[in-house]
Amino acid sequence: MRSKQKFKYGLIIYGLIISFYLIIIFRLIHIQVFGDTEISKVDGKIYKQVIENELNTNRIFKPIRGNIYTRNNKLLATTVYRYKIFIDGSKIKNSDDKHEIMNVLFNNFKIDQQKIRNKIKREDKYIIIGRRVRDKKIKDFLKNLIANGVKPSFIKNEIDESELIIFQKYLKKIGIHCNKNDPVRVYPMGKLGSHVVGYLNYAGQGIGIEAEFDEFLEGEKSSDLNDLPLDGGDIYLTIDSNIQYFVEKAIKKGYKNYQPNAVSAVVLNPKTGDILSMANYPTYDPNYFYRVKDSSSLINKAIAHSFEPGSTFKLVTLSGAFEEKLISKNMQIDCNNGVIKYEGETIRDTLNNKILSLSEVFEKSSNVGAVKIADMMGKEDLYYYTKLFGFTENKTVALSNESKAYVRSPDKWAPSELANFSIGYGLATNLLRLTNSYAVVANSGKLMETHIISKIKRNNKVSEISPLEIRRVLDKETAKKVTDILVNVVDNGSAYRTRMKNLKIAGKTGTAIVFNRKEQKYKKDEYIGTFVGYFPAYNPKYVIGIMVNKPKTKGYASKFAVPIFKEIADDLVVYGGVE
Amino acid sequence: MKKSRAIFIDFSIFIFFFIMISILAVWTTNYNYILKHILGLILAIFLYYLFSKINFQYLLKFTFPLHIVSVILLSMVLIPGMGITVNGAKRWLDLGIINFQPSELAKLTLILYLTSVFYSSIKRKNSRRNIYNSRKAFFVSFITAFLILIIQRDFSTAAFIFSFYLVVYFIANENAVKLLWGGASMVILVIFFILNSNSYRFQRIKSWIDYLAGNTEPVLQLKYSLLSLSLGGKFGVGYGGGEYKEYLPASHTDFIFSVMGEELGFVFLLFIMSLYVLLMYKIIRIIKKSSYDYELYFLFLGGYLITAQAAINMGVTVGLFPITGLTLPFISYGRTSFLIFMALMGLMRSVEKEIVRRSF
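Residues numbered from 1 in each chain as written. Chains lettered and ligands numbered in written order. Predicted model: local features only at pLDDT ≥ 70, side-chain atom pairs only at ≥ 80, totals over all residues.

### Brief notes about the overall build of chain A
Of the regular secondary structure elements, chain A holds 20 helices and 22 strands. Residues counted as buried form 44% of the 579 residues belonging to chain A. Considering only contacts in chain A between residues 6 or more positions apart, those separated by 24 or more positions represent 71%. (Helix = DSSP H or I, 4+ residues; strand = E, 2+ residues; numbered from the N terminus. Buried ≥ 20, exposed ≤ 12 C-beta atoms within 10 Å, placed from the backbone. Contact = placed C-beta atoms within 7 Å.)

### Observations regarding the overall build of chain B
A count of helices and strands for chain B gives 13 helices and three strands. Of all 360 residues assigned to chain B, the portion counted as buried reaches 49%. Taking the contacts inside chain B whose residues are at least 6 apart along the sequence as the reference set, 70% of them involve residues at least 24 apart.

### Observations concerning the packing of helix α1 (residues 4-33) of chain A against helix α11 (residues 256-289) of chain B
Two numbers describe a pair of packed helices, the interaxial angle and the distance between the axes. Two numbers describe how α1 of chain A lies on α11 of chain B: the axes approach to 11 Å, and their chain directions differ by 170°. Of the possible angle classes, the one that applies to α1 of chain A and α11 of chain B is roughly antiparallel. Of the residues in α11 of chain B, those touching α1 of chain A at F7, G10, Y14, I18, Y21, I25, L28, Q32 and V33 of chain A are G261, G265, F266, L269, M273, V277, M280, I284 and I287 of chain B. (Axes fitted to C-alpha atoms, helices over the stretch in contact; angles between N-to-C directions. Parallel < 35°, antiparallel > 145°, perpendicular 65-115°, else oblique.)

### Focus on the sheet that holds strand β8 (residues 262-269) of chain A
Whenever strands of a sheet pair, they do so through backbone hydrogen bonds, lying parallel or antiparallel. All names here are of chain A. An order of β9-β8-β22-β21-β20 is seen for the five strands of this open sheet, with the pairing classed as antiparallel. Lying at the two open borders of the sheet, with one neighbouring strand each, are β9 (274-281) and β20 (506-516). The sheet shows a mean angle of 15° between the axes of neighbouring strands, direction not considered. Of the pairings in the sheet, the one linking β8 to β9 comprises seven bridges and is antiparallel in character. The residue of β9 that forms the bridge with V266 is M278. Helix α18 (residues 431-442) contacts β8, β21 (521-535) and β22 (542-549) of the sheet and is inclined by roughly 150° relative to β22. Contacting β20 and β21, helix α19 (residues 476-492) runs over the sheet at an angle of about 75° to β20. (Pairing = 2+ DSSP bridges.)

### Topic: the environment of I546 of chain A
Relative to the helices and strands, I546 of chain A resides in strand β22. Ignoring sequence-local partners within four residues, the contact set of I546 of chain A consists of A265, T530, F531, A561, I564 and F565 of chain A.

### Comments concerning the UniProt feature "transmembrane region" (unreviewed entry) in chain A
As annotated in UniProt, the feature "transmembrane region" (unreviewed entry) corresponds to residues 12-30 of chain A in the numbering used here. Between the C-alpha atoms that bound residues 12-30 of chain A there is a distance of 27 Å. The span itself is 100% helix and 0% strand. (UniProt positions renumbered as here; feature names shortened; annotations may be inferred.)

### Remarks on the nonpolar core
One finds A265 and I568 of chain A to be the most contacted residues of the largest nonpolar core, which totals 120 residues. In terms of residue count, the dominant contributor to this core is helix α20 (residues 557-576) of chain A (nine residues). In terms of nonpolar packing, the next biggest core, distinct from the first, is built from 106 residues, F11, V77, L112 and M314 of chain B among them. (Core = buried A, V, L, I, M, F, W, Y, C linked by C-beta atoms within 7 Å.)

### What about helix α7 (residues 155-172) of chain B?
Here α7 of chain B is 18 residues long and its end C-alpha atoms lie 26 Å apart, about the 26 Å a rise of 1.5 Å per residue gives. Of all 18 residues making up α7 of chain B, 13 are buried, and the element is well covered by its neighbours. (Expected span 1.5 Å × (residues − 1).)

### Comments concerning helix α15 (residues 367-377) of chain A
All names here are of chain A. Along α15, nine of the eleven residues are buried, which leaves the element largely enclosed by surrounding structure. Taken residue by residue, α15 has N367, V368, G369, A370, V371, K372, I373, A374 and M377 as its buried positions. In the stretch just after α15, G378 is the one whose phi turns positive, near 85°.

### Brief notes about unusual backbone geometry
Residues and elements named next belong to chain A. Of the consecutive residues Y281 and P282, the connecting peptide bond is found in the cis state with omega at 5°. With respect to the helices and strands, the residue P282 is situated in the loop between β9 and α12 (301-304). Following F535, the chain continues into P536 via a peptide bond in cis, with omega recorded as -15°. Along the chain, the position of P536 falls in the loop between β21 and β22. One non-glycine residue with positive phi stands out, namely K325, at about 55°. The residue K325 is located in the loop between α13 (314-323) and β10 (332-334) in this model.

### Quick notes on the confidence of the model for chain B
When pLDDT is averaged along chain B, the result is 82, and 78% of the positions lie at 70 or above. Two summary scores accompany this predicted model of the complex, namely pTM at 0.55 and ipTM at 0.91. (pLDDT = per-residue confidence, 0-100.)

### Regarding the environment of Y199 of chain A
Residues and elements named next belong to chain A. When you line up the elements, Y199 lands in strand β5 (residues 199-200). By C-beta crowding, Y199 is classed as buried, having 23 other C-beta atoms within 10 Å. Beyond its immediate sequence surroundings of up to four residues, Y199 is in contact with G206, I207, G208, E210, P286 and F289.

### A word on the confidence of the model for chain A
Residue and element names in this part refer to chain A. Here chain A shows a mean pLDDT of 85. Residues at 70 or above account for 91%. Averaged pLDDT values over the elements of chain A bottom out at 44 in helix α2 (residues 45-57) and peak at 95 in β8. Here residues 37-60 is modelled with pLDDT under 50, and outside its nearest four sequence neighbours on either side it reaches 31 contacts, counting other chains as well.

### Overview of the packing of helix α12 (residues 293-317) of chain B against helix α13 (residues 335-359) of chain B
All names here are of chain B. It is at 11 Å that the axes of α12 and α13 come closest, and there the two elements cross at 150°. Classified by chirality, the crossing of α13 by α12 is left-handed. Contact residues: α12 offers E295, F298, L299, G302, L305 and I306, while α13 offers F341, L344, M348, V351 and I355. Tallied by class, residues from the contact of α12 with α13 come to nine nonpolar, one polar and one charged. (Left-handed = near helix turned anticlockwise from the far one by under 90°. Nonpolar A, V, L, I, M, F, W, Y, C, P; charged D, E, K, R; others polar.)

What follows is the structure in structure tokens.
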């Protein structure tokens, strides 16, 4: 017997199925009769990326490398895609649209028409039209093809992004291949900031931010077809593009005037430790790093070049003695006619200085005076302050290729080494560390960590990098006393060339003879001139360090380092609104 | 005996239209397969004739061993050299001449098995025997679905096959609590699926849910399917003129509906759908005249298999379901599927003949 109840229940099931059919019909009316695919209204960004990835990377989903910007949002490094276009002559020859295709090709690309025609006639399968074609040109090309009727019938006069992939597949079928090449790294600002930004070569090795933050910039690729890759993050440097421009202009001029091996400069914000500019000359354009003949111009000498600082290092001797209250402002120091014998080592001044005030010792950069002050401190204290100022730290900034600090501990010193050390010999540092030690005084005694990155951005999440105080090196009072003396150096002493009317500048020059490693001795005619200064002296905004390596012009740092400083300072006064 | 009359429209009329549509559809989507397909169709017609001669009541006695055979076939894809791996899933058996998909056969044998179990458990009034039988039916359905899930990694077919049990349970109307039991086991199946599936499979469902919620664009296949449907409009771009079929994966099986929609338009799709609805109506008409519960179970389940699978396949092309591997009955390329559906139709015809003969 057939049960009526069961029949009713069966009908319920069928009723459900029928209702599904009705829903499908509604959807079909929606899609087919009213033409609404509900696709256009959705934010298609992610989808577009998937399509592009599919199109370009044979379904290996590669991330997009992050950009590098300056602190004022100027683009320093970015990634662009170029296209390779080639045609299949055997397909073109037999195509109905042969003439239209050739017309569009010849109108859009500068190519040898006769050659291409011959190749098509020969039915070559691989005829190159262009290897590194820009995005815009490809779009024009595709538009022209459509305008000339080379298109599948379903494509209207304009194509949207989602139809592009189909159109390109269609083109492949008729013998036109537009393939995205590997990404190309582009540096829109060229030489500006090139030593900081750096580059990567094809093997993935390189220098600068590009190498140091390679993993962060690169992102992570995904092997799963339905996962998006993790795109690389963007890096915002602390470099200010305008200041960088002033600095590069000034060191280039200095290089031309004094013809040294190299000029380097660093500009710091003493209050935050931000590196506002870092530049070297000779420099290079990272877009064409492979064309550089002299590989030494690729090196960021401001951090990679180790040298004996000479007189600029007297800052540590002076500050240490002040902090330990061994000397006072009004003190008189006998400079013994400019010669002193210290534990068998003879130290000379450039002038025959007699009795000088403390201020004059630094104005005239008397070595004898400095040695006498250091003698009061003793080697333990001198080393202690050297360490406090950060001269023993090997990594001061997040950039590769930084030279290691060379400072020997005092128990290994020869008896006479205290004298040499106090005037900046027997230790090696780089320009950044030297400049940062002046920033300590400028920042009323606090040592800040130097930063090259102001913020990083990934997936719209921004992490700002905040200033970090490492330690207090000097008392506020001591810092002010040191500044007084450094102001006098500019006002009355060796750095007189950078004097300004309404602006107090503090700074110290240094001319260090270079130790020639080949000949194992100091050569009189090879020297490195440095000048580090900050302004406005009592509320500093900028600390600038200049290093001129082995100039051909004879003279002291006051002659070739100070003018470069002045050049930069003049521009900064206008730009930075310094009174 | 004279040739028995058909109720409503003759099955052969349906077969004629389905075969015409199927040839049209496979020809335009995949020209290379058309000869194979037509050979399969001829074999299928023969099979329909053969099955319509079978004494259905007699067949019911062998449903359990039949189903066991198809379950064994199902497991045989694991034997090295027998199974063919396509897209990472083992679904085909290499039988020399023809590659055979055992899960399609399992659909038919499970329907027969469920019919006999539920019929016999009602017929005998012994209640202990009842319970034993319906539990056995549950376990057999569950294990079949489970095997398809494990071996073939095919969730859609597994869930669909298990739904047969739920449907026949609902129709048999034994006990609401037991139905809940069935629902719970479905949930277990789903949980197992989630634990067992790799991220790709899970992602496919997730992206579909995202699409329904309006958060993201549909996945590529669905997007092409929607674009091709919208291009077709009311009357289509013309037979053979479809542009998207080359970019649509599995256009000759899973997405044959959208290709038809593009080339022949909304009106033709309505025609296809109306065929299924008419078939459903015919089945209801036959059931109305039937006198035994086993006829009712079998016809309802058979109709459910055809029309619900069609609904799922069509639903996928318009974005109502996540993308599955279920074919469009009687139309998609896929000879195992076609043969099985024709065999099912043949059995329905045999039942119909029996009912018609009885009513005279």
